[in-house]
Amino acid sequence: MLEHGGRLRQAAARYGIALDQWLDLSTGINPAGYPVPAIPASAWQRLPEDDDGLERAAANYYGTPELLPVAGSQAAIQALPQVLPGQRVSLLAPGYAEHAHAWRERAPRLIAADEIEPASDASDIVVLINPNNPTGARFDRGRLLEWHARLAARGGWLVVDEAFIDADPAGSLAGSAGQPGLVVLRSLGKFFGLAGARVGFVLAPEALRAALAEKLGPWTVSGPARHAACAALADHSWQTRMRDALKRDGERLAALLAESGLGQPEGPALFKWIVHPRAAALHASLCRRGILCRLFESPFSLRFGLPPHEAGWLRLRAALAGALDEAG
Ligand SMILES: Cc1ncc(COP(=O)(O)O)c(C=O)c1O
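Residues numbered from 1 in each chain as written. Predicted model: local features only at pLDDT ≥ 70, side-chain atom pairs only at ≥ 80, totals over all residues.

**What about the nonpolar core?**
Applicable threshold: Connectivity within a nonpolar core runs through C-beta atoms within 7 Å, and the core itself is a set of buried Ala, Val, Leu, Ile, Met, Phe, Trp, Tyr and Cys residues. Neighbour density around each residue's C-beta defines its exposure: 20 or more other C-beta atoms within 10 Å make it buried, 12 or fewer make it exposed, and counts between make it partly exposed, where C-beta atoms are placed from the backbone. The numbering of helices and of strands both runs from the N terminus, where a helix is a DSSP run of H or I of at least 4 residues and a strand a run of E of at least 2. For every residue pair, C-beta atoms are placed from the backbone, and the pair is scored as a contact if these atoms sit within 7 Å.
Residues Ala 76, Val 183, Leu 194, Val 202, Ala 229 and Ile 291 are the most contacted members of the largest nonpolar core, which totals 91 residues. When residues in this core are grouped by element, the largest group, six residues, is from helix H9 (residues 223-234). If we ignore the near neighbours within four places in the chain, the residues touching Val 202 are Leu 67, Leu 68, Val 70, Ala 76, Val 183, Leu 185, Arg 209 and Leu 212.

This is how it looks when you write it as structure tokens:
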């Protein structure tokens, strides 16, 4: 199993700081997640059924009916290698490490952003993350469609993980879903903040969805999770308000990090990423102050999620000043 953000209990034990004293900025999950309505007893008691409105709400939200609900996009990341043919796999790196882990038996080539174009001519499968986690790199929709066309012309596949696109979805390929050779992964864990519900969607041609559904088996998404997801996807006024709020908060986080002297951060509204030679020392120093961010080692860098309240913003600013002093 790979390391992930959000392992607050481990940090609490290691640094001897009580769980409730921490400011956890180690994930890119929206701290103001969707306020899930009361779950009806029937959602707990009955087996989930396809015609409960979830697929309809999702089709409306994503702009395509070519979708399959899954237990978080992680479930699809793990299952895709079992249903996608092709030996030559190229993966964007650095990127969300679960992709490389899932494809490890096909010895994937790790490619940088400027190698995607040649890779789309020399691979059977190219896996990208847009916007990328952790680097924040964004890919233009037109270029993505061009890379997809090159791959699809040879029977290849472009997989685009759009887990972090919802706050600014203009560059999404969701509307092109259903075309041969295109898989788009979406998550309700980030923008909607429903990471614990484990709901995501695979947007892909019918035959691939059927093969995935067969692998994943029946009732992959629980009744309560379907109920919560359905409400979140249908609530357009919450989505609009949240996009505005996240835009403001994302800009505020970028400014705070830049002003602290850490460097110029990159990333979508939900997180910011900074390459820094003293990242490990800074990470430890912030931990000693009860602030957990995410440390990456290749390259040495830090990723910060959004503070959940005003006190958290103030605490982050003060802690960064102290940590930078200490790390020298
Ligand atoms: C880029 C990316 N894709 C997919 C996932 C998996 O998200 P989930 O399984 O909650 O949909 C994550 C989780 O951190 C992620 O960062």
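**Brief notes about the sheet that holds strand S5 (residues 125-129)**
What counts is decided by this rule: Here, any two strands with at least 2 DSSP bridges between them count as paired. Interaxial angle, 0 to 180 degrees, is taken between N-to-C directions of lines fitted to C-alpha atoms, where a helix line uses only the stretch in contact.
Pairing in this open sheet of seven strands is mixed, and the strands run S2-S8-S7-S6-S5-S3-S4 from one edge to the other. Either end of the sheet is taken by a strand with one partner, and the two such strands are strand S2 (67-70) and strand S4 (109-111). Within the sheet, the average angular offset between the axes of one strand and its neighbour, ignoring direction, is 20 degrees. Sheet topology note: the strand S6 (residues 157-161)/strand S7 (residues 182-187) ladder contains four bridges and is parallel. For Val 160, the partnering residue across the bridge sits in S7 and is Val 184. Strands S2, S7 and strand S8 (200-203) of the sheet are contacted by helix H3 (residues 54-62), whose axis makes an angle of about 120 degrees with S2. Across the sheet, helix H8 (residues 206-216) touches S2, S7 and S8, and the angle it forms with S2 is around 20 degrees.

**So, the sheet that holds strand S9 (residues 271-275)**
Here we have three strands laid out as an open sheet, ordered S9-S12-S11, and antiparallel in their pairing. The open sheet has two edge strands, S9 and strand S11 (294-297), and neither has a second partner. Averaged over all adjacent pairs, the angle separating strand axes in this sheet is 20 degrees, with direction ignored. With four bridges joining them, S11 and strand S12 (residues 300-305) adopt antiparallel strand pairing. Residue pairing for S12: Leu 295 is matched across the bridge by Leu 302. The strands touched by helix H10 (residues 236-260) within the sheet are S9 and S12, with S9 carrying the most contacts at an inclination of about 25 degrees. Contacting S11 and S12, helix H11 (residues 279-288) crosses the sheet at an angle of about 35 degrees to S12.

**Thoughts on the domain arrangement of the protein**
Just so we agree on the cut-off: Residue ranges for the domains originate in an automatic or database domain assignment. Three classes are used: nonpolar for Ala, Val, Leu, Ile, Met, Phe, Trp, Tyr, Cys and Pro, charged for Asp, Glu, Lys and Arg, and polar for all others, with Gly counted as polar.
Split into domains, the protein comes out as domain 1 (8-33 + 237-327) and domain 2 (41-234). Summarising the inter-unit geometry, the C-alpha centres of domain 1 and domain 2 are found 27 Å apart. Counting from both sides, the interface comprises 19 residues of domain 1 and, opposite them, 16 residues of domain 2. Among the elements of the structure, H10 and S12 are those that each provide at least two residues to the side of domain 1 that touches domain 2. Considering each element in turn, the side of domain 1 that touches domain 2 owes the most residues, three residues, to H10. Looking at side-chain class alone, the side of domain 1 that touches domain 2 contains ten nonpolar, six polar and three charged residues.

**Describing the packing of H3 against H9**
Working note: a packed helix pair is described by the angle between its axes plus the distance between those axes. The test is simple: Oblique is the label for any angle not under 35 degrees, not over 145, and not in the 65 to 115 range, which are roughly parallel, roughly antiparallel and roughly perpendicular in turn. Each helix crossing is assigned a hand: it is left-handed if the near helix lies turned anticlockwise from the far helix by less than a right angle, otherwise right-handed if that turn is clockwise.
Relative to each other, H3 and H9 sit at 30 degrees, their axes nearing to 9 Å. Considered as vectors, H3 and H9 are oriented roughly parallel to each other. Along this stretch, H3 crosses H9, giving a crossing that reads as left-handed. Here H3 contributes Leu 54, Ala 57, Ala 58 and Tyr 61 to the contact with H9, which in turn contributes Arg 226, Ala 229, Cys 230, Leu 233 and Ala 234. Taken together, the residues that form the contact of H3 with H9 break down as eight nonpolar, no polar and one charged.

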